[in-house]
Each structure stands twice: as C-alpha cells, then as structure tokens.
Amino acid sequence: MAQGKPARAVVVGGGIGGLTAAAALLRRGWEVTVLERAGSVEPVGAALSLSPNALRALDVIGAGDRIRDLGAPLGDAGVRTPHGRRLFRTRTDAASARFGGPMLLLHRAALVDALIALLPPDTVRTGSPATLADPGDAGRPARVTTPDAELEADLVVAADGIHSAVRRTLFPDHPGPVYTGFTAWRLVIDVPDVECASQETWGRGSIWGTHPLKDGRVYSYAAATVPAGGRAPDERAELLRRFGDWHRPVPDILAAARPEDVLRHDVHHLARPLPAFHQGRVVLLGDAAHAMPPRLAQGGNQAIEDAVVLAHHHTDLPAYTAARLPRTTSVTRQAVRASRVSLTANPVAVAVRNAGLVALSAAGPGLLLRGFDGIVGWRPPQAPYAAEQAGADQQ
C-alpha cells in the first residue's frame, strides 16, 4: 500500500454480512469493493429477525434508527401445541426492558436496501464471481481474481456464505458444513381477513412459526426432521400434508399461499469450529465463518456483529479472531441444542419438553430471558455513530 493511499478492502459476497462490513470499513477510511456472484443483490429468502445486539451494531454504522423504522417489533408471543394448547407465553415488554429494545422482524430485502444506501455508487459489483488467488501476508497484498480482472487488496473479507470457496481455500482440511437434521420452508404472503399474531407451534419433529410484518404481510416458516435432499413436486402441498390440520391460522396461511410462494432448503451448519477466522490478509465473516441453525434467530445477527468488530480491529486480524471465534462457537452450540429440543420427535422427550415449557412459563419471563443475556446483551466494542458525531461536534 502506497503511503497516503487509502487501504483497499475487497468484500467477497454481497449479503447482509458483506454489506455491513463494507459500510463499517468505509467509515474507517477504507476504499471498499464488494464482489457479488449473483446478477443482483436482491436477497434470496424471506424475512429475518434482528435482536438488540445486532441493532446496537447497526447503530455503529449509522443504520440502526433506519432499520428500527422499517422493522415490526415482535409482539407478545409464545409456543403452542399443534392443537392450539398454549405451552409458553413471552412478553415483549419484559424482553425490551431487559435487553434495551425489542426484537424486530423485517424482510431481508428491506435490510439489504438500507445497507446499500450507506455505500457510494459502484461499490457493489454484481455478476462478479471471485476466487482467492493469494491470501497475502504482512509483506504482500492479497489477490482476488474475477472474470474481468485481478484485484489486489490490503484486506479480503470473505462473506461468501455457508459453502464459502474462500474458507475451503484457507482451511482445506476442515470438513465444512454438515446437515443439521431438518429441512425448512419459508413464505411471505398477504393473508387477508385473518388475524396472525406472533407465535410458534411445536409438534413432534416439526415446528411452525407465524409473525406479522410491518407492511401487513405475514412471514411464516416451518421445519421438519427429514433426510437430507428431499424435495416435493409441490412444496405447498407438502406443507398442507404436514401442517394442514394444525391450529389456526396455520391452515388459513396455507390456503392463501401459492406453490411459488414457498421456499425450501435443507439446513446445514459448521459443526466443527474453524481454527481461526483469519489467515494472511483474509478474514471470514458470517456463515462462511460460523454457519449455525436458525433456532435462536442469530445467523444474520452474528454476521452484523462480525462486521462491526472487524472494522474495530481492522489493523489487527488476530484480535478479530480472538473476539469472534469463542462467541460465535458458543452461540452455534446453543443454537444446535435449541434445535434438538424444539424438533425432537421422541414422544417421551416431547412430553417432557412440553411440561418443561409450561413450568417455565409459570415461573415468569425472567427465567427464560436470563438464558439469552450472553447473546442479546452483547454490545459493540466502539461507540455508535450518533455518539461519535456528538463527540466530534464538541471538539
């Protein structure tokens, strides 16, 4: 890097983690290029939840308030059986008081658009698959090749997802992602004249979730323990077969859905932690570093955390690994345990689980929320954007 020239970062992957990293590094004075393989940055997926830990991270890059305006606070919710018997109730006011704000739900596209708005024009290059040619070291830059050119970089941020090619290049002996044991369906649709409150329903080896979005649509998801690789000719019909006789509004939502509204994917995660999240001048971020099951709704949240912590340690990559590897390993393990509990198919285990939820609900919200202190209570290592601006104005 020439003296006086801005450091250059290349971000491989234009998803939530990659875009957040780009915005955070730009605020640190980096010159940033985002390489996205797809022809557009329109996200594949439905909705996602953002918890206070990720919203505090977004505050660091000046996006927190905008995202809060876009999201719908997750209201009082709970867990039911397929026949509708309530097992557990959650209170959003108790969670907000404990963690400094509510859980928000918003469409992925809204979050992506808000992040792109933080970037200068032409920062994101779509239709640009990238290959790590050289991770670099203290004496030479990293090199990334695309069909059009080879780019040198002082930092490469690998945000290329669960099947990360960069991860395979850096750690060829790592086994990579493994099947979590369940497949998932997602849909975002209008459900006219049907009241849809936030809730989950837990059956034997299967779950259903329903949450209203701010724009009036309904986000629903389902999961079931099945062998990997299965697909149905009509996934809506498959959902009807599995969930059509569950309590309302599940059948109402399925009645309003079209086959093309339903997305399905097998869920994988990195069961073995990586030895590090960096090598040479390259760092791994988000699912490329620590893909986890979605049962704690922390995948995207942890990627956002990664991005702001990386920007904080942008000149000290071992410090980034030290800050993120233990935390994300712990969150991943908790997500795996939560998946096993909620998706157990053993009848005895289901009865024990349901009785435990009833007892936990009777004990009050504090007991359950305490278990999330270490996840949702996280705070970024640097001041948020507003605090930085206030400090600058006072100088």
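So, a few notes on the structure that sits alongside this text. Keep in mind that this is a model prediction, so the values were computed, not measured.

Within the protein one finds 15 helices and 19 strands. In terms of overall dimensions, the protein is globule-like: its C-alpha atoms have a radius of gyration of 21 Å, near the 21 Å expected for 395 residues. If one aligns the C-alpha atoms of the protein with their principal axes, the spans along those axes are about 70 × 50 × 40 Å. Taking all 395 residues of the protein together, the buried fraction comes to 51%. Residue pairs at least 24 apart in sequence account for 74% of intrachain contacts in the protein once pairs closer than 6 positions are excluded. A total of about 17300 Å² of accessible surface is found on the protein, and carbon and sulfur atoms cover 52% of it. Between the centroid of the 42 positive side chains of the protein and the centroid of its 38 negative side chains there is a distance of 8 Å.

The subject of this paragraph is the sheet that holds strand S9 (residues 131-134). Judged by pairing direction, the sheet is antiparallel, and its three strands sit side by side in the order S9-S10-S11 without closing on themselves. Of all strands in the sheet, those with a lone pairing partner are S9 and strand S11 (150-153), marking the two edges. Averaged over all pairs of adjacent strands, the angle between strand axes in this sheet comes to 30 degrees, irrespective of strand direction. Summarising the sheet, strand S10 (residues 142-145) and S11 pair through four bridges and their orientation is antiparallel. Residue pairing in the sheet places Ala142 in a bridge with Ala153 of S11.

Enumeration according to the criterion identifies five aromatic pairs in this entry. Ring centres 5.5 Å apart and planes at 45 degrees place the aromatic pair Tyr219 and Tyr221 in the tilted group. On the basis of relative accessibility, which here comes to 8%, the residue Tyr219 falls in the buried class. The exposure class of Tyr221 is buried, given its relative accessible area of 15%. Here the aromatic rings of Phe277 and Tyr320 are separated by 6.4 Å at their centres, their planes lie at 50 degrees, and the arrangement is tilted. Residue Phe277 is found in the loop between strand S17 (263-269) and strand S18 (278-279), and its partner Tyr320 is found in helix H11 (residues 317-342); the two are separated by 43 residues along the sequence. Judged on exposure class, the residue Phe277 and its partner Tyr320 are both buried. Clustering of aromatic rings is evident, with ring pairs tying together Trp185, Trp208, Phe243 and Trp246.

The subject of this paragraph is unusual backbone geometry. Cis geometry is found at the peptide bond from Arg248 to Pro249, where omega equals 10 degrees. For Pro249, the position within the fold is in the loop between helix H7 (235-243) and helix H8 (250-256). Phi is positive for Asp122, close to 70 degrees, though the residue is something other than glycine. Mapped onto the elements, Asp122 comes out in the loop between helix H5 (108-116) and strand S8 (124-125).

Another point: the sheet that holds strand S4 (residues 72-73). As summarised here, the arrangement of the three strands in space is S3-S7-S4, forming an open sheet in which the pairing is antiparallel. Sheet topology places strand S3 (47-50) and S4 at the edges, where each strand pairs with a single neighbour. Bridge count for S4 against strand S7 (residues 104-107) is two bridges, and the pairing is antiparallel. Bridge assignment links Pro73 to a residue of S7, and that residue is Leu104.

Across six bridges, the pairing between strand S13 (residues 178-189) and S17 is antiparallel. Its bridge partner being in S17, Arg186 is matched across the sheet by Leu263. As paired elements, S13 and strand S16 (residues 218-225) share eight bridges and run antiparallel to each other. Considered in S16, the bridge of Trp185 is made with Ala222.

Turning to the packing of helix H1 (residues 16-27) against H5, a few remarks are in order. Their axes nearest at 9 Å, the elements H1 and H5 cross at an angle of 20 degrees. Between H1 and H5, the crossing angle belongs to the class labelled roughly parallel. In the packing of H1 onto H5, the handedness of the crossing is left-handed. The residues of H5 that touch H1, namely those facing Ile16, Leu19 and Thr20, are Arg108, Leu111, Val112, Leu115 and Ile116.

For the rest of this paragraph, the subject is the pattern of salt bridges. Taken as a whole, this structure holds 21 salt bridges when the rule is applied. A salt bridge links Arg68 to Asp59, with the nearest nitrogen and oxygen atoms 2.8 Å apart. One salt bridge in this structure joins Asp306 and Arg324, with 2.6 Å as the shortest N-O distance. Remark: Arg324 occurs in helix H11 and Asp306 occurs in helix H10 (residues 299-312); sequence separation between them is 18 residues. Taken as a pair, Asp306 and Arg324 share a single burial class, namely buried. Among the ionic contacts, a cluster of salt bridges with common partners joins Glu305, Asp306, Arg324 and Arg327.

Looking at the secondary structure, you find Thr81 in the loop between strand S5 (77-80) and strand S6 (86-90). Thr81 has contacts with Leu87, Thr201, Trp202, His247 and Asn354, leaving out every residue within four places of it along the chain.

So, about H11. For H11, spanning 26 residues, the distance from its first C-alpha to its last is 37 Å, which sits close to the expected 38 Å at 1.5 Å a residue. Arg324 marks where H11 bends most, by close to 25 degrees; the proline Pro326 follows one to four residues later.

Here is what the cut-offs are and how they apply
Residues numbered from 1 in each chain as written. Predicted model: local features only at pLDDT ≥ 70, side-chain atom pairs only at ≥ 80, totals over all residues. Heavy atoms only, no water. Helix = DSSP H or I, 4+ residues; strand = E, 2+ residues; numbered from the N terminus. Rg over C-alpha atoms; globule rule 2.2 N^0.38 Å. Buried < 20%, exposed > 50% of the residue type's maximum accessible area, 1.4 Å probe, protein only. Contact = heavy atoms within 4.5 Å. Areas by Shrake-Rupley, 256 points an atom, 1.4 Å probe, with all protein chains shown as cover. Lys, Arg positive; Asp, Glu negative; His and termini not counted. Charge placed at Lys NZ, Arg CZ, Asp CG, Glu CD. Pairing = 2+ DSSP bridges. Axes fitted to C-alpha atoms, helices over the stretch in contact; angles between N-to-C directions. Phe/Tyr/Trp six-rings, centres within 6.5 Å; stacked < 30°, edge-to-face > 60°. Parallel < 35°, antiparallel > 145°, perpendicular 65-115°, else oblique. Left-handed = near helix turned anticlockwise from the far one by under 90°. Salt bridge = Lys/Arg side-chain N within 4 Å of Asp/Glu carboxyl O. Expected span 1.5 Å × (residues − 1). Bend = angle between axes of the 7 residues up to and from the residue.

Don't take any of this as a statement about function, it's just geometry.
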